[in-house]
Amino acid sequence: MCQSYRKDCACGHNTGEIFFGKMVLDEQSVEQLYCPECSQDVKTDCDNRVWDNGWVLELDMDVVRTQASILGVSPQEVTADWVFDAGYVTWVGIIPDDYKQKAQERAEILKLAKTDLLAYYQAMKEWGLKREKRFTREGWRKMRVHI
Ligand SMILES: [Zn+2]
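Keep in mind that this is a model prediction, so the values were computed, not measured.

K.L.:
With reference to specific residues and values, describe the overall build of the protein.
P.N.:
The number of helices and strands found in the protein is 6 helices and 6 strands. Principal axes of the C-alpha set define a box for the protein whose edges measure 60 × 30 × 30 Å. A total of 147 residues make up the protein; the buried ones form 41% of that total. In the protein, the proportion of contacts linking residues at least 24 apart, taken out of those at least 6 apart, comes to 57%. Taken as a whole, the protein presents about 8600 Å² of accessible surface, with 50% of it coming from carbon and sulfur. Positive and negative charge centroids in the protein, built from 20 and 24 side chains respectively, lie 8 Å apart.

K.L.:
A description of the nonpolar core should follow, citing residues and the corresponding values.
P.N.:
Core analysis: the largest hydrophobic core is formed by 33 residues, its most contacted members being Leu57, Leu59 and Val89. At the level of secondary structure, the elements contributing two or more residues to this core comprise strand S3 (30-34), strand S5 (55-59), helix H1 (61-66), helix H2 (68-71) and helix H3 (80-85). The element contributing the most residues to this core is S5, with 4 residues. Excluding its chain neighbours within four sequence positions, the residues that come into contact with Leu59 are Ser29, Val30, Glu31, Asn48, Val64, Ala80, Val83 and Val89.

K.L.:
So what about the pattern of salt bridges? Which residues, and what values?
P.N.:
A full pass over the atoms with the stated rule returns 11 salt bridges. For the salt bridge of Arg131 with Asp98, the shortest nitrogen-to-oxygen distance reads 2.3 Å. Of the two residues, Arg131 is situated in helix H5 (residues 117-138) and Asp98 in helix H4 (residues 98-115); the sequence distance between them amounts to 33 residues. Overall, Arg131 belongs to the buried group, its relative accessible area being 6%.

K.L.:
Account for the sheet that holds S5, naming residues and giving values.
P.N.:
Two modes of strand pairing occur in sheets, parallel and antiparallel, and in both the strands are linked by backbone hydrogen bonds. The sheet built from 3 strands is open, its strands ordered S3-S5-S4 with antiparallel pairing. Whereas interior strands pair on both sides, the edge strands pair on one side only; in this sheet they are S3 and strand S4 (49-52). Here the average twist between neighbouring strands, direction ignored, is 15°. Sheet analysis places S4 next to S5, joined by 4 bridges and oriented antiparallel. For Arg49, the partnering residue across the bridge sits in S5 and is Glu58.

K.L.:
If you had to explain the coordination of the zinc ion to someone new, which residues and values would you point to?
P.N.:
The protein atoms donating to the zinc ion are Cys9 (SG), Cys11 (SG), Cys35 (SG) and Cys38 (SG), with metal-donor distances spanning 2.3 to 2.4 Å. Taken together, the 4 donor atoms surrounding the zinc ion define angles of 104 to 116° at the centre, an arrangement classified as tetrahedral.

K.L.:
Account for the environment of His13, with residues named and values stated.
P.N.:
Looking at the element boundaries, His13 is found in the loop between strand S1 (4-8) and strand S2 (15-19). Separated by 21 residues in sequence, His13 and Tyr34 place their C-alpha atoms 9.7 Å apart. A distance of 2.6 Å separates polar atoms of two side chains, one belonging to His13 and the other to Glu37.

K.L.:
Can you explain the sheet that holds S1? Please cite residues and give values.
P.N.:
The strand order across the open sheet formed by 3 strands is S1-S2-S6, and the pairing between neighbours is antiparallel. Single-partner strands in this sheet number two, and they are S1 and strand S6 (90-91). With 5 bridges joining them, S1 and S2 adopt antiparallel strand pairing. For Ser4, the partnering residue across the bridge sits in S2 and is Phe19.

K.L.:
Break down the confidence of the model for the protein for me, citing the residues and quoting the values.
P.N.:
Averaged over the protein, the pLDDT score is 93; the fraction of residues at 70 or greater is 97%. For the protein, helix H6 (residues 141-146) is the element with the lowest average pLDDT, namely 79, and S5 is the one with the highest, namely 98.

Thresholds applied
- Throughout, a residue's number is its position along its own chain's written sequence, starting from 1.
- Only residues with pLDDT of 70 or above have their local features reported here, since the model is predicted, and side-chain atom pairs are shown and tallied only from 80 upward, although totals for entire chains, interfaces and linings are computed over all residues.
- The basis for the side-chain values is all heavy atoms of the structure; hydrogens and waters are excluded.
- Secondary structure is summarised from DSSP: a helix means a run of H or I of at least four residues, a strand means a run of E of at least two, and numbering begins at the N terminus for each.
- Here the term buried applies to any residue with accessible area under 20% of the maximum for its type, exposed to any over 50%, and partly exposed to those in between, with areas from a 1.4 Å probe on protein chains only.
- Whether two residues are in contact is decided by their heavy atoms, any of which lying within 4.5 Å being enough.
- Using the Shrake-Rupley algorithm and a 1.4 Å probe, accessible areas are obtained, with residue cover drawn only from the displayed protein chains.
- Within this scheme the basic residues Lys and Arg register as positive and the acidic residues Asp and Glu register as negative, but His and the chain ends are omitted.
- Where a charge lies is defined by one atom per residue type: Lys uses NZ, Arg uses CZ, Asp uses CG and Glu uses CD.
- What is meant by a nonpolar core is a set of buried Ala, Val, Leu, Ile, Met, Phe, Trp, Tyr and Cys residues, joined one to another through side-chain atoms within 4.5 Å.
- Salt bridges are counted wherever a side-chain nitrogen of Lys or Arg sits within 4 Å of a carboxyl oxygen of Asp or Glu.
- When DSSP finds at least two bridges between two strands, those strands are taken to pair.
- Think of each axis as a best-fit line through the C-alpha atoms, taken over the contacting stretch in the case of a helix, with angles from 0 to 180 degrees between the N-to-C directions.
- Water is not among the atoms examined, so metal sites may look incomplete; donors are the N, O and S atoms within 2.8 Å of the metal, or within 3.2 Å for Na, K and Ca.
- Metal sites are grouped by the angles between bound donors: all angles between 85 and 135 degrees with four donors is tetrahedral, opposite donors over 155 degrees apart with the others between 65 and 115 is square planar for four donors and octahedral for six, and any other pattern is irregular.
- What qualifies as a polar contact is a pair of N or O atoms within 3.5 Å, subject to a donor-acceptor requirement within protein and to the restriction that residues adjacent in sequence count only when both atoms come from side chains.
- On a range of 0 to 100, pLDDT expresses the predictor's confidence in each residue.

Take a look at the structure:
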């Protein structure tokens, strides 16, 4: 059993990295993942899906309900939104494919290290802050929850 795992979305073009807070739930609770490319026809009005900027995390609520008492919520009340916001099944990063973006952005900054070390240090320092600001601006769910 892992604390996080990567799951391909329904169309297979993208991958999300999912984190299981306190390791109560695991990949059995994840039914499907949709990226912005394949979430177009997914219905919004149900309790088993979390929407986040076009990404959709669909949970197997039967699995979730069996663990509800451990999560501290009643089986009748638990929703995918609640599970996500409480951090039991959520993204590893702020965004689903954070690991990918992070690697790309880091590679860009690392290029600086070869030419301008001072600019590199400065860029590294600003990087985290800039990311947070951008995620807030883009309205990612995790940023909204923290505000
Ligand atoms: Zn997709």
